Amino acid sequence: KVFWKADATPRIVGPLFLVWAAIVCGASAAEPTRLAEQGMARMAVVVGPKTSPRIRTAAGELADYLGRIGGATFAIEEGHGAQGIVVGLTNDFPAVRIDERFAPADPFRRDEYILRSHARGLWVLGATDSAVEHAVWDLLHRLGYRLFFLTDTWEIVPQQADLTLAVDVYEKPDY
């Protein structure tokens, strides 16, 4: 008895591809977070109480550029990471629970970071201060910001009164 016919391949491959695509796309769906609406900030940029000066600077740059993009003023506040645009190391925020485990002592893993939107805000978290800076600039890039050369002529700051972002990524260097 023949169990497989050559002409049956197209009828089987199509549905299998659709099932695979539904699983992959459904697993990576992130919850959208509204950062600004009609030129008004919907949440503050949050840093931890013991955050380093370098991360505070990165948080300030993020607040500044979000304000330039959305036409809003984004305040910088200290908090525990439960809500807002949380910028820093995972150790700085006891309320943040993530599955990823960073290894800042490993030289091949010190630039890892996550960007994750959720119902109460957005996490911009890294393994080290440097990773947090990379995460901030990645977030701005995802919102349309571009800097081709270090002059205002080569800087592109989009103008969007409504800023919404749905993201769930874990980034690490390719080496």
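Up top you'll find the structure we're talking about.
Described below are features of the structure shown in this document. A quick note: this is a predicted structure, and the numbers were derived from the prediction, not measured. (Residues numbered from 1 in each chain as written. Predicted model: local features only at pLDDT ≥ 70, side-chain atom pairs only at ≥ 80, totals over all residues. Heavy atoms only, no water.)

Section: the overall build of the chain
Definition in use: Helix and strand assignments come from DSSP, with helices taken as H or I runs of at least 4 residues and strands as E runs of at least 2, each series counted from the N terminus. Each residue is placed in one exposure class: buried if its accessible area under a 1.4 Å probe, protein chains only, is under 20% of its type's maximum, exposed if it is over 50%, and partly exposed if it falls in between. Here a residue-residue contact requires only that any non-hydrogen atoms of the pair lie within 4.5 Å. The method behind every accessible area is Shrake-Rupley, applied with a 1.4 Å probe, and residues are considered shielded solely by the protein chains displayed.
Within the chain, the regular secondary structure consists of 3 helices and 11 strands. Listing every helix and strand of the chain by position from the N terminus yields α-β-β-β-α-β-β-β-β-α-β-β-β-β. By residue count, 41% of the 175 residues in the chain fall in the buried class. Here the contacts in the chain between residues at least 6 apart in sequence split such that 66% fall between residues at least 24 apart. Total accessible area on the chain stands at roughly 10,500 Å², and carbon and sulfur atoms take up 57% of it.

A few points about unusual backbone geometry
Backbone geometry at Gln38 places phi at a positive 50°, although glycine is not the residue there. Along the chain, Gln38 turns up in the loop between strand S1 (33-37) and strand S2 (40-41). What makes Gln38 exposed here is its relative accessible area of 68%.

Some remarks on the environment of Glu31
As for its placement among the helices and strands, Glu31 is situated in the loop between helix H1 (9-27) and S1. Since its relative accessible area comes to 41%, Glu31 is described here as partly exposed. For the pair Glu31 and Val167, spaced 136 residues apart in sequence, the C-alpha separation works out to 7.3 Å. Once residues within four sequence positions are removed from consideration, Glu31 is found in contact with Ser117, His118, Ala119, Leu165 and Ala166.

Observations regarding the packing of helix H2 (residues 53-70) against helix H3 (residues 129-142)
How we decide: Simply put, an axis is a line fit to the C-alpha atoms, just over the touching stretch for a helix, and the angle between two N-to-C directions goes from 0 to 180 degrees. Working rule for angles: under 35 degrees goes down as roughly parallel, over 145 as roughly antiparallel, 65 to 115 as roughly perpendicular, anything else as oblique. Nonpolar residues are Ala, Val, Leu, Ile, Met, Phe, Trp, Tyr, Cys and Pro. Charged residues are Asp, Glu, Lys and Arg, and all others, Gly as well, are polar.
Direction vectors running N to C along H2 and H3 enclose 5°, while the axes themselves pass 9 Å from each other. One way to sum up the angle between H2 and H3 is to call them roughly parallel. Between H2 and H3, the contacting residues are Arg54, Ile55, Ala58, Glu61, Leu62, Tyr65, Leu66 and Ile69 on the first element and Asp129, Ser130, Val132, Glu133, Val136, Trp137, Leu139 and Leu140 on the second. Looking at side-chain class alone, the contact of H2 with H3 contains 11 nonpolar, 1 polar and 4 charged residues.

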